[in-house]
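Observations on chain architecture
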Amino acid sequence: MSTRKLLLGAVFSCALSFAGAAAAADMTIGFSQIGSESGWRAAETSVSKIEAEKRGIDLKIADAQQKQENQIKAIRSFIAQGVDAIFVAPVVATGWDDVLGEAKDAEIPVVLLDRTIDTKDDSLYLTAVTSDTVHEGAVAGEWLAKEVAGKDCNVVELQGTVGSSPAINRKKGFDEAIASHSNIKLIRSQTGDFTRTKGKEVMESFIKAEGGGKNICAVYAHNDDMQIGAIQAIKEAGLKPGTDILMVSIDAVPDIFKAMADGEANATVELTPNMAGPAFDAVAAFKADGTVPPKWIQTESKLYLPDTAQAEYEARKDLGY
Ligand code: AHR
């Protein structure tokens, strides 16, 4: 038998070992959610519930309060309950092999939502529904490079949770995008843990260290919530965010559109909160006839600017996030 046939056979039999007859409506899915650190995270949770309800899926959500150990406990509990599939939004990238190995042994497919993991064994999960987070950072960096072309610009960066895949990748993408622009200097970079409160605190310390904010030309935040915290800190320091200091971030939550419409933010890169919809579809197809989804189901990343901010705010403000 050719190597290709052998490989196809292996993939197929592995698929069948996970496959059952459960239709979407009969499924119970456990979702180990990180917590509610940001508006985007709250939106992902509520969209997941809506998408589950549409399909008649029983979705059990466990809030890990930002702790990996709680996520591991929740996954073990879902395995013990014999759920049809497990969704995990992994708070950090490392340390998942053992527990995901237990899910694999129990023949429960796992789907990663919005963040990826570091593992040598990608058979530990069925698929990952995420954006290209390196690209998101690059989009932010390219936007800034165009905006400040020909001018010197000192940038401060608010990083997401240390060790999380979006924090690692959004930094990488941004750094790569500005690398060839010698006018742009990253002068400070610190984690704000994806929260508004910490984003504000860290921005206050950046302002203090950088001449009351006068040395800062732009803030790049790995999410909108930290950016909203930074906007407050800049205003309290007597400067105008969006004018004195350029503001670019990621997520596209309603509050950042409000800030853009008010002239206090300049750009955001959208991350859809609907990660669960494609994940439910992938699991349903897999359970129905063993269809193996691609290892990465990529969601779109789109740049938004102030010209459409008011309309985007109006369209999103009642979505509950
Ligand atoms: O993993 C996605 C990131 O996690 C979002 O950008 C951020 O808001 C959230 O906390």
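Look up a bit, the structure's there.
Just so it is clear, the model here is predicted, and its values are computed rather than measured.

Calculation notes
Residues numbered from 1 in each chain as written. Predicted model: local features only at pLDDT ≥ 70, side-chain atom pairs only at ≥ 80, totals over all residues. Heavy atoms only, no water. Helix = DSSP H or I, 4+ residues; strand = E, 2+ residues; numbered from the N terminus. Expected span 1.5 Å × (residues − 1). Buried < 20%, exposed > 50% of the residue type's maximum accessible area, 1.4 Å probe, protein only. Contact = heavy atoms within 4.5 Å. Phe/Tyr/Trp six-rings, centres within 6.5 Å; stacked < 30°, edge-to-face > 60°. Near = heavy atom within 4 Å. Polar contact = N/O pair within 3.5 Å; in protein donor to acceptor, adjacent residues only side chain to side chain. Areas by Shrake-Rupley, 256 points an atom, 1.4 Å probe, with all protein chains shown as cover. Nonpolar A, V, L, I, M, F, W, Y, C, P; charged D, E, K, R; others polar. Disulfide = S-S within 2.5 Å. Pairing = 2+ DSSP bridges. Axes fitted to C-alpha atoms, helices over the stretch in contact; angles between N-to-C directions.

Our focus in this paragraph is helix H6 (residues 165-178). For H6, built from 14 residues, the straight-helix expectation of 20 Å at 1.5 Å per residue is met to within 8% by its first-to-last C-alpha distance of 20 Å. Here H6 lies mainly inside the structure; 10 of its 14 residues are buried. All of the buried residues along H6 are Ser 165, Pro 166, Ala 167, Asn 169, Arg 170, Lys 171, Gly 173, Phe 174, Ala 177 and Ile 178. Those residues of H6 that are buried are in contact with helix H5 (133-147), strand S6 (153-159), strand S7 (184-191), strand S8 (218-221) and strand S9 (246-251).

We describe a pair of aromatic rings using the distance from one ring centre to the other and the angle between the two ring planes. According to the stated counting rule, one finds 4 aromatic pairs in the structure shown. A centroid spacing of 6.3 Å and a plane angle of 65 degrees characterise the contact between Phe 31 and Phe 87, whose relative ring orientation is edge-to-face. Here Phe 31 is found in strand S1 (residues 28-33), whereas its partner Phe 87 is found in strand S3 (residues 85-88), with 56 residues between them in sequence. For the pair formed by Phe 31 and Phe 87, the shared burial category is buried.

On to the site of the ligand. In the region of the ligand, the neighbouring residues are Glu 37, Ser 38, Trp 40, Arg 41, Asp 114, Arg 115, Pro 166, Arg 170, Phe 194, Asn 223, Asp 251 and Leu 271. Note that an oxygen atom of the ligand is positioned 2.3 Å from one of the side-chain N or O atoms of Glu 37. In isolation the ligand exposes 280 Å². Once the protein is present, 100% of that is buried. Its residues assigned to classes, the shell around the ligand comprises 4 nonpolar, 2 polar and 6 charged.

This part takes up the state of the cysteines. Disulfides are covalent bonds that connect the sulfur atoms of two cysteines. Counting across every chain of the model gives 1 disulfide. The disulfide partner of Cys 153 is Cys 217, and the S-S distance across this bridge is 2.0 Å. Between Cys 153 and Cys 217, the S-S torsion sits near -90 degrees, and that sign places the bridge as left-handed. Pair noted here: Cys 153 is in strand S6 and Cys 217 is in the loop between helix H7 (196-209) and S8, with a separation of 64 residues, a long-range link. No difference in accessibility class separates Cys 153 from Cys 217, as the two residues are buried.

Through backbone hydrogen bonds, the strands of a sheet pair up, either in parallel or in antiparallel fashion. On the basis of which strands lie adjacent, the open sheet formed by 6 strands has the order S7-S6-S8-S9-S10-S12 and mixed pairing. On the outer flanks of this sheet lie S7 and strand S12 (303-304), each paired with one strand and no other. The pairing of strand S10 (residues 267-270) with S12 spans 2 bridges and is classified as antiparallel. The residue of S12 that forms the bridge with Val 269 is Leu 303. Each of S6, S7, S8, S9, S10 and S12 is contacted by H5, which is oriented at about 160 degrees to S9, the strand it contacts most.

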